[in-house]
Structures are given as C-alpha cells and as structure tokens.
Amino acid sequence: MSEAIIRVAGLGKSYLTAAGPFPALRGVDLVIEAGEFVAIMGPSGSGKSTFMNLLGCLDTPSSGDYFLVGRNAAQLSKDELAALRNRTIGFVFQGFNLLPRMTLEDNVALPLVYAGFEREARRARARLELGRVGLGDYTASLPSRISGGQQQRVAIARALANSPQLILADEPTGNLDSHTSEEIMALFVELNREGITIVLVTHEADIAAYARRQVRFRDGLIVSDLPTPAPALAAAAC
C-alpha cells in the first residue's frame, strides 16, 4: 500500500432541521490506504451514508478536512473537484441507476462522454468492461431484459469505465437475493485483488465479511475500526 487514497480529519456534517442543527457526523478521523477493501457499517441514522456522500464529493462537510489522493477537496474549484471525482471514483448504488432506454453498452459508456472520449473509444471501453463482469454477450440489451444481479454487474462495469482508483459502493446488494449477492461480492473481491480500493456501505454482517476491514459508525462517530477476522475473510473469498 503506497499512499492514503482517503484521509479525513475532524470531518463533521450538520443539517438544519425544525428542531435546530442535527449533527450527522461529529468529528470523524479516518485513513484508507490505496488497495484496501473497507466495509462501513452502522444502524440507520449512524452517519455512514452521510460519510459516503462526503467521500464521493456529492456533499460538502460542515467542518474538518477531506483529502482525496492527497488533494484537499475544500481547496478545489467546482470544475477541479468534478474532474478529480470523475477520474478517481467509480460509484455503485443499491438501485443500479441504469437508464432504461439505453443499451447496456451505452449505459456503461456514459461516464466516458463526460470524460471527453470519442465515440468509438467509448464503445470499445464499454464492451471491455461488460466482458470483465461477464456480460460481453449482452451489449445491445436493454436493462429491462436482464436480471437484477446482471443489472448490478452493468452498474459495476459503468463504475469501472474510467479506470478508477476507488469504488464507492452504497448497499450494492440491498436489492439482491443471497446467491446473487455472493456473486456480486465475489466480483468486488476480484476487483480489489486487481488493486482497486473499495469502500462499501452495508448493514449486513455477511456482506461486510468480504472486506478486509470493518469500520462501524454510531451517532455520527466511529466506534470501532478493526480488521475482518481471517477465517471469515477466507470463507467469504472462496
């Protein structure tokens, strides 16, 4: 592990409510090195989703600092932050977020449009990434014609399109059955073995067992940060 891909110090986030400010995060410190696989856990309202939104530069903190691959997000312009996010982070969500009228190839290629790739280069990369997740024969299909597990594989291929250093996955198995969840998590394990850093939000212990490290949130604070027990990791990775 060569460098910290994520470093947060005193990270806080408050929201205004009718009852006054609500502190969703209360001074979080955390370092995630390049190549790690980290599960973020905690009950509803613990702050884990707020934390992931901040890591993805989808929201801004109320206090503290966030360094992404060594750059302080607060010191970047809107365009600089968007460019850093686009080339560094791939996002995978619980709801897949595929565009229903676009083919799988076009869905995967979409981030490359914003990155300025030419059409043929976009198509070639999309086909490559769909093949990487086992869907090379489905490039012309529409999302409605494939299963939920296959749709999540397309979402992962889309996340990989820009060759990100980091994948942020928010409850990626939340809409899937247990067998399909195992297949998706095995794919994440393989991507991590290839060197991609993965940070995954989950409330399920069996899903967190695939990660090498488990960070638990409660009431806006980190209450534990421990390596996954070796037997659990070994069993999950088989």
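Residues numbered from 1 in each chain as written. Predicted model: local features only at pLDDT ≥ 70, side-chain atom pairs only at ≥ 80, totals over all residues. Heavy atoms only, no water.

One open sheet holds the six strands; their spatial order is E6-E7-E8-E3-E9-E10, and the pairing between them is mixed. Each having just a single partner strand, strand E6 (89-93) and strand E10 (221-227) make up the two edges of the open sheet. With direction set aside, neighbouring strand axes in the sheet form an average angle of 15°. Inspection of the sheet shows strand E3 (residues 37-41) paired to strand E8 (residues 197-201) by four bridges, in the parallel sense. Its bridge partner lying in E8, Ile40 is registered against Val201. The sheet contacts of helix H1 (residues 48-55) involve E3, E6, strand E7 (166-170), E8 and strand E9 (213-218), and relative to E7 the element is tilted by about 150°. (Pairing = 2+ DSSP bridges. Helix = DSSP H or I, 4+ residues; strand = E, 2+ residues; numbered from the N terminus. Axes fitted to C-alpha atoms, helices over the stretch in contact; angles between N-to-C directions. Contact = heavy atoms within 4.5 Å.)

Membership of the largest hydrophobic core comes to 37 residues, with the highest contact counts inside it found for Ile156 and Phe188. Mapped by element, the contributors of at least two residues to this core are E3, helix H3 (104-114), helix H4 (119-132), helix H5 (148-160), E7, helix H6 (178-193), E8 and helix H7 (205-208). Of all the elements, H6 adds the most residues to this core, at six residues. Within the second largest apolar cluster, 30 residues are counted, among which are Phe51, Leu76, Val199 and Val215. (Core = buried A, V, L, I, M, F, W, Y, C linked by side-chain atoms within 4.5 Å. Buried < 20%, exposed > 50% of the residue type's maximum accessible area, 1.4 Å probe, protein only.)

On to the pairing of strand E2 (residues 20-33), then. Where strand E1 (residues 4-17) and E2 come together, eleven bridges link them in antiparallel fashion. Along E2, the bridge assignment pairs Gly12 with Arg26. Between E1 and E2, which pair antiparallel and follow one another directly, the connecting turn spans two residues.

Here we come to the pairing of E6. The buried fraction of E6 amounts to four of the five residues, a majority that puts the element mostly inside the structure. Summarising the sheet, E6 and E7 pair through five bridges and their orientation is parallel. Bridge pairing in E7 links Phe91 to Leu168.

Take the layout of surface pockets next. The computed volume of the largest pocket comes to approximately 410 Å³. Taken together, 16 residues form the lining of the largest pocket, with Asn86, Ile89, Phe91, Pro111 and Arg158 sitting closest to its centre. Going through the elements one at a time, helix H2 (78-88), E6, H3 and H5 are the ones with two or more residues in the lining of the largest pocket. Tallied by class, residues from the lining of the largest pocket come to nine nonpolar, five polar and two charged. (1 Å grid on protein atoms, 1.4 Å probe; cavity = no way out; pocket = protein on both sides within 12 Å on 5 of 7 lines; lining within 4 Å. Points joined across faces, edges and corners; volume = space filled by probe spheres on them. Nonpolar A, V, L, I, M, F, W, Y, C, P; charged D, E, K, R; others polar.)

Limitation: the analysis is restricted to geometry and does not speak to function.
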